[in-house]
Amino acid sequence: MAQWTSAVGAAQLARLLNSQQERPAGPGTRRPPAYRALADGVRLLVLEGRVPVAARLPAERELALALSVSRTTVAAAYEALRAEGFLESRRGAGSWTAVPAGNPLPARGLEPLPPETLGSMIDLGCAALPAPEPWLTRAVQGALEELPPYAHTHGDYPAGLPALRAMLAERYTARGIPTMPEQIMVTTGAMGAIDAICHLFAGRGERIAVESPSYANILQLMREAGARLVPVAMAEELAGWDMDRWRQVLRDAAPRLAYVVADFHNPTGALAGEDQRRGLVDAARSAGTVLVVDETMSELHLDDDLEMPRPVCGFDPAGSTVITVGSASKAFWAGMRIGWVRAAPDIIRSLVAARAYADLGTPVLEQLAVNWLLSTGGWEEAVDIRRGQARENRDALVAALRRELPRWEFTVPRGGLTLWVRTGGLSGSRLAEVGERVGVRVPSGPRFGVDGAFEGYVRLPFTVGGAVADEAATRLAAAARLVETGASGGDEGPRTFVA
């Protein structure tokens, strides 16, 4: 019986491999043999999760044709991968990817490191900050005081607690977007909200237009739901959306859904202007595309003189085109898994009905905690603490990078939690792999793209500051030197991958 559970075609694997930039050949540096470079490329794809474990690879002859190399080169690369534990084969069943014995399976998203590894590894993979105390403790205490009446009920609220739905509707109304509680559904985080929307609107094989780059975990969620992703390039220099490209994609591809982050885009930090927001809503309405707008970063504006644009849903008064997703996880704390959807009442009813076959509802105690924060003014106090932390960390990280890695290029965003960095021609995938060995975890650019795009980038979040930011930049510089000198090759054996 075959041991593989999925397959990677020759053309797809060739695209992924060709996206990996070769490291610059410095003085005295010898280029690895072609078979070794190919084996290293496949190994990196497996370690990053861009090629799944237990995926059947193309036959040697097929891959040789797709890459325009000899079959002997592919055969030697496959043999090297088998020797290192990254490939298994059996006559009649083909060859499929694996990881060496004892290694954790690679993650395909951006999961946080286990707490026990934090002492030796600086984690720049997860864009999340510690809780803004004392407000987390106060919110939980306030929730416990409000809990007794709910404890006498069944505890299932598929649309969310009425009090929290009303509070969220009131906050939208205060922002100039008249909203009724019937237009709100509370979810288990923003991921839960987008998962529900995708299942309702975009069945397997449906097109979903996404910004390029975009948030890695959402891209993977959509891939696993069977969506066909249509990338739309972002404008340069944090200028928001390229509206000509968006109009063309919406007109020509007619995607069922489009997913965008208008406020401090993840990963670039771009902020879309009001004209762009109005234009995208109009284009989506004309194309019959439902526009899913992720507002999870909207309250993380870090510069005092910044005037925030009107929310995207403000340009869709009928509520027929825009579905807005919000969350407490970025603005407050990632451990507070409370998200919400704002949409037309009929869409909310459909989402709630479909929820009976998913998670039934969101934990009551956490909903009460968020409601306590919103109703007492604690939310504003906590978010202000969060902005201060992110601003200090951003400035410290920017200064450290400019000192240690002056060839790396980036534009400093005015909000959000992430810095999108061009790595001076180095492979982001190789930097991510070598970074694990020198004690800094960083996600490579291709995680945020479609089909191997953005190999020359990494994403750095504002999660560390002060001396830790300095040390993170020092370790990244050490990783960059190893990549530049060719010391990141695969000839020293298998690596340990930290998910």
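Described in the following lines is the structure provided in the data block. (Residues numbered from 1 in each chain as written. Predicted model: local features only at pLDDT ≥ 70, side-chain atom pairs only at ≥ 80, totals over all residues. Heavy atoms only, no water.)

With respect to the sheet that holds strand S8 (residues 228-233)
- Here we have seven strands laid out as an open sheet, ordered S6-S12-S11-S10-S9-S7-S8, and mixed in their pairing. Every other strand in the sheet has two partners, leaving strand S6 (184-187) and S8 as the edge strands with one partner each. Direction aside, the axes of adjacent strands within the sheet are offset by 20° on average.
- Judged from the four bridges that link them, strand S9 (residues 257-260) and strand S10 (residues 290-294) form a sheet pairing that is parallel. (Pairing = 2+ DSSP bridges. Helix = DSSP H or I, 4+ residues; strand = E, 2+ residues; numbered from the N terminus. Axes fitted to C-alpha atoms, helices over the stretch in contact; angles between N-to-C directions.)

A short note on the packing of helix H3 (residues 60-67) against helix H4 (residues 71-84)
- In the contact formed by H3 and H4, the axes pass within 8 Å of each other and the chain directions differ by 120°. Of the possible angle classes, the one that applies to H3 and H4 is oblique. As for how H3 packs across H4, the hand of that crossing is right-handed. Every residue of H4 that contacts H3 at Glu60, Arg61, Leu63 and Ala64 is listed here: Arg71, Val74, Ala75 and Tyr78.
- Of the residues belonging to the contact of H3 with H4, the class tally is five nonpolar, no polar and three charged. (Parallel < 35°, antiparallel > 145°, perpendicular 65-115°, else oblique. Left-handed = near helix turned anticlockwise from the far one by under 90°. Contact = heavy atoms within 4.5 Å. Nonpolar A, V, L, I, M, F, W, Y, C, P; charged D, E, K, R; others polar.)

A few points about the packing of helix H5 (residues 135-151) against helix H12 (residues 364-376)
- At their nearest, the axes of H5 and H12 sit 7 Å apart, and the two run at 120° to each other. The crossing of H5 and H12 is right-handed. Seen from H5, the contacting residues are Trp135, Arg138, Ala139, Val140, Gly142, Ala143, Leu144, Glu146, Leu147 and Tyr150; seen from H12, they are Val364, Leu365, Leu368, Ala369, Trp372 and Leu373.
- Split into classes, the residues belonging to the contact of H5 with H12 amount to 13 nonpolar, one polar and two charged.

Overview of the packing of aromatic side chains
- A complete count under the given rule lists seven aromatic pairs for this structure.
- Taking the centre distance of 6.5 Å and the plane angle of 40° together, the rings of Trp135 and Trp372 count as tilted. One end of the pair, Trp135, is in helix H5; the other, Trp372, is in helix H12, with 237 residues separating them in the sequence.
- Given the relative accessible area of 14%, Trp135 is considered buried.
- Judged by its relative accessible area of 21%, Trp372 falls in the partly exposed class.
- Aromatic pair Trp420 and Phe448: ring centres 5.7 Å apart, planes at 80°, arrangement edge-to-face. With Trp420 in strand S13 (residues 418-422) and Phe448 in the loop between strand S14 (440-441) and strand S15 (457-461), the pair connects residues that are 28 residues apart, well separated along the chain. You'll find Trp420 and Phe448 in the same group, each marked buried.
- Taken together, the aromatic side chains of Trp420, Phe448, Phe454 and Tyr457 make up a single cluster linked through ring pairs.
- The side chain of Arg310 reaches across the aromatic face of Phe315, ending 5.4 Å from its centre. (Phe/Tyr/Trp six-rings, centres within 6.5 Å; stacked < 30°, edge-to-face > 60°. Buried < 20%, exposed > 50% of the residue type's maximum accessible area, 1.4 Å probe, protein only. Lys NZ or Arg CZ within 6 Å of the ring centre and 35° of its normal.)

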